[in-house]
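# Tertiary structure, described
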Amino acid sequence: MRALVISSVIGALALSGCQTMDNGTGGARQYDKTAIGGLIGAAAGYGLSRGNANSSAQNNRAAAIGAILGAGTGLYLDNKEKKLRQQMQGTGVEVNRNPDGSVGLVMPGNITFDTNQSTIKSNFYSTLNKVAQTLTEDNKSAILVTGYTDSTGNDSINIPLSQARAQSVASYLARQGVPTSRINAQGQGAANPIASNATASGREQNRRVEISIYAAN
């Protein structure tokens, strides 16, 4: 039984292109995200099936199906990440992969909003138009827009401002054709800083809007 499950996982990894590469820190191993998706999918499929007390054959089949679905999710997000990286070049928007596997866009406050304002700067429309273009290609993405501030002020000011900024971005994407049912906006105030709030440059980095893109049916 274990051999069959492992074979399913290995097959998914082989099909999805497991890779080893130098990440610039001494040759640490990094694996293709599609392969990781297949591995997670296989484990999830097998675990859920076994939890339902199915037969060995049913468990193995669930693992194989989970691997295929997981690999498909990874490939979908890989393609979104690749296209967004190309589109965001020179815009000041950072594209990365979040720990939960979603594709992340970090939009610094200095290019998106004026100080203490939640109205999007008009010169940032073209950048958001590119993001919307990628998201509306298939309308299969789930999008979380999160607003942040620096630590200046208190929650009574920062949380409503960060929420308003996140909602402004979400509403703009919706006007460009992204279904509102697939967008969620939230404000986190000064939570989760990505730089030190002790310096002006650090506070500028913390004043941001992030978009997380997930694969959804």
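Everything numeric in this text was worked out from a predicted model, so none of it was measured. (Residues numbered from 1 in each chain as written. Predicted model: local features only at pLDDT ≥ 70, side-chain atom pairs only at ≥ 80, totals over all residues. Heavy atoms only, no water.)

## Thoughts on the overall build of the chain
When you go through the chain residue by residue, the secondary structure sums to 7 helices and 5 strands. Ordered by position in the sequence, the α and β elements of the chain form the string α-α-α-β-β-α-α-β-α-β-α-β. When the 217 residues of the chain are sorted by exposure, 40% land in the buried category. Restricting the contact set of the chain to residue pairs at least 6 apart, pairs at least 24 apart contribute 64%. Carbon and sulfur atoms form 53% of the exposed surface of the chain, whose accessible area is close to 11,400 Å². (Helix = DSSP H or I, 4+ residues; strand = E, 2+ residues; numbered from the N terminus. Buried < 20%, exposed > 50% of the residue type's maximum accessible area, 1.4 Å probe, protein only. Contact = heavy atoms within 4.5 Å. Areas by Shrake-Rupley, 256 points an atom, 1.4 Å probe, with all protein chains shown as cover.)

## Re helix α6 (residues 155-175)
Between the first and last C-alpha of α6 there are 29 Å, a value that for 21 residues agrees with the 30 Å anticipated at 1.5 Å per step. Against α5 (125-135), β3 (141-148), β4 (183-187) and β5 (208-215) lie the buried residues of α6. Positioned one or two residues after α6, Gly-177 has a phi angle of 110°, which is positive. (Expected span 1.5 Å × (residues − 1).)

## Here we look at the sheet that holds strand β1 (residues 94-97)
As summarised here, the arrangement of the 5 strands in space is β1-β2-β5-β3-β4, forming an open sheet in which the pairing is mixed. The open sheet is flanked by β1 and β4, the only strands paired with a single partner. The mean angle between the axes of side-by-side strands here comes to 20°, regardless of whether they run parallel or antiparallel. As paired strands, β1 and strand β2 (residues 103-108) are joined by 4 bridges and run antiparallel to one another. Each residue of the ladder has a partner; that of Asn-96, found in β2, is Gly-104. Here α5 sits on the sheet in contact with β2, β3 and β5, set at roughly 165° to β2. Sheet strands touched by α6: β3, β4 and β5. Its angle to β4, the strand with the most contacts, is close to 160°. (Pairing = 2+ DSSP bridges. Axes fitted to C-alpha atoms, helices over the stretch in contact; angles between N-to-C directions.)

## Considerations on α5
Because an α-helix completes one turn every 3.6 residues, residues spaced three or four positions apart along the sequence face the same direction. Buried within α5 we find Thr-127, Leu-128, Val-131, Ala-132, Thr-134 and Leu-135. For α5, the arc enclosing every buried residue in end-on projection is 160°, short of the 170-degree limit, so these residues lie on one face. (Arc of directions from axis to C-beta.)

## Thoughts on the nonpolar core
Among the nonpolar cores identified, the biggest contains 29 residues, and Leu-105, Met-107, Val-131, Val-145, Val-169, Leu-173 and Ile-211 are the most heavily contacted of them. Contributing elements (two or more residues each) for this core: α3 (56-87), β2, α5, β3, α6, β4 and β5. Top element by residues in this core is α6. It accounts for 5 residues. If we ignore the near neighbours within four places in the chain, the residues touching Val-169 are Phe-113, Ile-120, Leu-128, Val-145, Val-209 and Ile-211. (Core = buried A, V, L, I, M, F, W, Y, C linked by side-chain atoms within 4.5 Å.)

## Side note on the environment of Asn-197
With respect to the secondary-structure elements, Asn-197 resides in the loop between β4 and α7 (200-206). When the C-alpha positions of Asn-197 and Thr-152 are compared, they lie 8.3 Å apart, and in sequence the two are 45 residues distant. With residues near it in sequence (within four places) discarded, Asn-197 still touches Asp-150, Ser-151, Arg-203 and Asn-206. Here Ser-151 takes part through its backbone nitrogen, which lies 3.3 Å from a polar atom of the side chain of Asn-197. (Polar contact = N/O pair within 3.5 Å; in protein donor to acceptor, adjacent residues only side chain to side chain.)

## Details of the confidence of the model for the chain
Across the chain, the average pLDDT comes to 78, with 66% of residues at or above 70. In the predicted structure, residues 62-71 sits below a pLDDT of 50 and forms 25 contacts with residues beyond four places in sequence or in another chain. (pLDDT = per-residue confidence, 0-100.)

## Points about the side chain of Ser-168
Residue position: Ser-168 is located in helix α6. According to the relative accessible area criterion, Ser-168 is buried, its value standing at 19%. Ser-168 has contacts with Phe-113, Ser-118 and Ile-120, leaving out every residue within four places of it along the chain.

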